[in-house]
Amino acid sequence: PFDVLIVGGGPAGAAAAVYAARKGVRTGVASERFGGQVMDTLGIENFVSVKETEGPKFALALEEHVRHYDVDIMNLQRARALAPVDGGIRVELESGAALKARTVIVTTGARWKNVNVPGEQEYRNKGVAYCPHCDGPLFKGKRVAVIGGGNSGVEAAIDLAGIVGHVTLIEFDTQLRADAVLQRKLASLPNVTTLLNAQTTEILGDGQRVSGLTWRDRASGETSRVDLEGVFVQIGLVPNTEWLKGTLELSRHGEIIVDAKGQTSLPGVFAAGDATTVPFKQIIIAAGDGAKAALGAFEHLVRA
Ligand code: FAD
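About the cut-offs
- Residues numbered from 1 in each chain as written.
- Predicted model: local features only at pLDDT ≥ 70, side-chain atom pairs only at ≥ 80, totals over all residues.
- Heavy atoms only, no water.
- Pairing = 2+ DSSP bridges.
- Helix = DSSP H or I, 4+ residues; strand = E, 2+ residues; numbered from the N terminus.
- Contact = heavy atoms within 4.5 Å.
- Axes fitted to C-alpha atoms, helices over the stretch in contact; angles between N-to-C directions.
- Parallel < 35°, antiparallel > 145°, perpendicular 65-115°, else oblique.
- Left-handed = near helix turned anticlockwise from the far one by under 90°.
- Nonpolar A, V, L, I, M, F, W, Y, C, P; charged D, E, K, R; others polar.
- pLDDT = per-residue confidence, 0-100.
- Near = heavy atom within 4 Å.
- Polar contact = N/O pair within 3.5 Å; in protein donor to acceptor, adjacent residues only side chain to side chain.
- Areas by Shrake-Rupley, 256 points an atom, 1.4 Å probe, with all protein chains shown as cover.
- Core = buried A, V, L, I, M, F, W, Y, C linked by side-chain atoms within 4.5 Å.
- Buried < 20%, exposed > 50% of the residue type's maximum accessible area, 1.4 Å probe, protein only.
- Phe/Tyr/Trp six-rings, centres within 6.5 Å; stacked < 30°, edge-to-face > 60°.
- Disulfide = S-S within 2.5 Å.

Asks: Can you break down the sheet that holds strand 11 (residues 143-147) residue by residue, with the values?
Replies: Taking strand neighbours across the sheet as the criterion, the five strands line up as 10-17-11-12-13 in an open arrangement whose pairing is parallel. In this open sheet, the two edge strands, each paired with only one partner strand, are strand 10 (128-129) and strand 13 (192-195). Across two bridges, the pairing between strand 10 and strand 17 (residues 230-233) is parallel. For Val-128, the partnering residue across the bridge sits in strand 17 and is Val-231. In the packing of helix 4 (residues 151-161) onto the sheet, contacts are made with strand 11, strand 12 (166-170), strand 13 and strand 17, and the angle to strand 12 comes to roughly 170 degrees.

Right under this line is the structure:
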C-alpha cells in the first residue's frame, strides 16, 4: 500500500506529491489527466517567479518535478469511490482496479460551466475566458461581456470594470442574484451596462478572435448584437467531487470541507485545491494548498 496516495494531477496534486515524496514515504498519484485545468490554459502570468509561461509548458514542468522523485504516477486513471478499510483507505478506479493507502489526498479540481452557445468552444482562449483574475489584464481598455449575474459574475464585472473599457453584464433572470452590496457597487460604476432577462444566443468572431455576441430579450423576443473583444463566462465552477457524495462531507456547492491542514471529515483523507472549500481558485493557491495537505498527511502518518 501507499503511505500517501494522491487522486488528481493538477497543481495541487503535483505539489502534494513533491512534498510527500521528499518525506521519504511511499507516494502515488492517480489522475485522469496529469496537469489538470492548466492543460486548457493559454498564458499564465500570475505564478510568482514565473513571469510568463504557457499552460501545457507549465503542466510539463509540474510532471518533470514530480518525476524527479520516486513517485508512482498512474495516468489516465479515474477514481470512482473511496472508503475506509482496515489500516487505511481504499480507492476504487473506473478500470475496476483498487489502490490501498494509509492516507489519501483528493485534488480532483473543478470545471467551469459552459453556456453552450455557438462560438463558445471555437473562441475559447481567443476572447472567451472563464477566469477574470487570470485573463482580465489581457483585455485592458477593451470591451467585454460577463455572462452570469450571481456573485461571481457581478464580482467579475466590478473587477473587470477597473481594467477594461466597458463591461456588459448579461443575466438570464429578471434580476441579479448577487448580494445587495455587490449590486450597489456595480450600479455605481459608469462603464457597466446590465442586461436583465437576457439570453446569450451566440458568441461571434472573425474566425480568429471574438468580435461580439448576440442576445435575445426574453420579454420581447427581440435579438440584439453587442460588439466587443472578450466574453467572460461566470455561471458557475463545479467541483469534481460527485464521486465522493456520501463519503466525505461536502459544502452545498459540492466542495470538500477541509480544515486548516487539509483534513476532511474522514480521518486520513485530506484534500486540496479547487475541489475544496479553500477560497479563490488559482494555480498558486492550489499548489500551496497541496503542499499543506501533504504535510497534514505526513503528520497523520507520524502520529498513527
Ligand atoms: P485541477 O487543475 O482541476 O486538476 C484536477 C486533477 O484531477 C486533474 O489531473 C484531473 O484529471 C484529475 N481528476 C478529476 N477527477 C478525477 C477523478 N475522479 N479521478 C482521478 N483524477 C481526477 N489560474 C491561475 O492561477 N492563473 C491562470 O492564468 C489561470 N488560467 C486559467 C485558465 C483556464 C481556461 C482555466 C479553466 C483555469 C485557469 N486558472 C488559472 C485556474 C487554475 O487552472 C486552477 O485553479 C488550478 O488548476 C486548480 O488546481 P487543482 O490541482 O486544484 O485542480
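Asks: A description of the packing of helix 1 (residues 11-21) against helix 2 (residues 55-67) should follow, citing residues and the corresponding values.
Replies: The interhelical angle for the contact between helix 1 and helix 2, taken along N-to-C directions, is 20 degrees, at an axis separation of 9 Å. The orientation of helix 1 with respect to helix 2, classified from their angle, is roughly parallel. Judged by the twist between their axes, the crossing of helix 1 over helix 2 is left-handed. For the pair helix 1 and helix 2, the contacting residues are Pro-11, Ala-14, Ala-17 and Val-18 in the first and Leu-62, His-65 and Val-66 in the second. Here the residues of the contact of helix 1 with helix 2 are counted per class, giving six nonpolar, one polar and no charged.

Asks: Lay out the confidence of the model for the protein chain with the relevant residues and their values.
Replies: Mean pLDDT over the protein chain: 97, with 100% of residues reaching 70 or higher. Predicted complex metrics record ipTM = 0.99 and pTM = 0.93.

Asks: Lay out the sheet that holds strand 14 (residues 198-205) in plain terms, naming residues and giving numbers.
Replies: As summarised here, the arrangement of the three strands in space is 14-15-16, forming an open sheet in which the pairing is antiparallel. In this open sheet, the two edge strands, each paired with only one partner strand, are strand 14 and strand 16 (223-227). On average, each strand axis in the sheet is tilted by 25 degrees relative to the strand beside it, whichever way the strands run.

Asks: Any details on the site of the ligand? Residues and values, ideally.
Replies: Surveying the vicinity of the ligand reveals 34 residues, the closest of which are Arg-33, Gln-37, Asn-46, Ala-79 and Ile-283. One of the backbone N or O atoms of Glu-32 is found 3.2 Å from a nitrogen atom in the ligand. At 2.9 Å, a backbone N or O of Ile-283 approaches an oxygen atom of the ligand. Relative to its unbound accessible surface of 1000 Å², the ligand loses 96% to contact with the protein.

Asks: If you had to explain the nonpolar core to someone new, which residues and values would you point to?
Replies: In terms of nonpolar packing, the biggest core is built from 29 residues, with Val-4, Ile-6, Phe-34, Val-66, Val-71 and Ile-105 touching the most fellow members. For this core, the elements supplying multiple residues, two or more each, are strand 1 (2-7), helix 1, helix 2, strand 5 (71-75) and helix 6 (283-303). The element that contributes the greatest number of residues to this core is helix 1, accounting for seven residues. In terms of nonpolar packing, the next biggest core, distinct from the first, is built from 25 residues, Ala-79, Ile-89, Val-91 and Leu-250 among them.

Asks: Tell me about the packing of aromatic side chains, and name the residues and values.
Replies: Applying the stated criterion to the full structure yields two aromatic pairs. Centroid distance Phe-139 to Phe-232: 5.4 Å. Interplanar angle 75 degrees. Geometry classified as edge-to-face. Here the residue Phe-139 occupies a position in the loop between helix 3 (132-135) and strand 11, and Phe-232 occupies one in strand 17, the gap between them amounting to 93 residues. Take Phe-139 and Phe-232: they sit in the same class, and that class is buried.

Asks: Describe in detail the state of the cysteines, supporting the description with residues and values.
Replies: In protein structure, a disulfide is the covalent linkage between the sulfur atoms of two cysteines. The tally for this structure, following the rule as stated, stands at one disulfide. Note that Cys-131 is cross-linked by a disulfide to Cys-134, the S-S spacing being 2.2 Å. One quick way to see it: the torsion about the S-S bond of Cys-131 and Cys-134 is about 60 degrees, and its sign makes the bridge right-handed.

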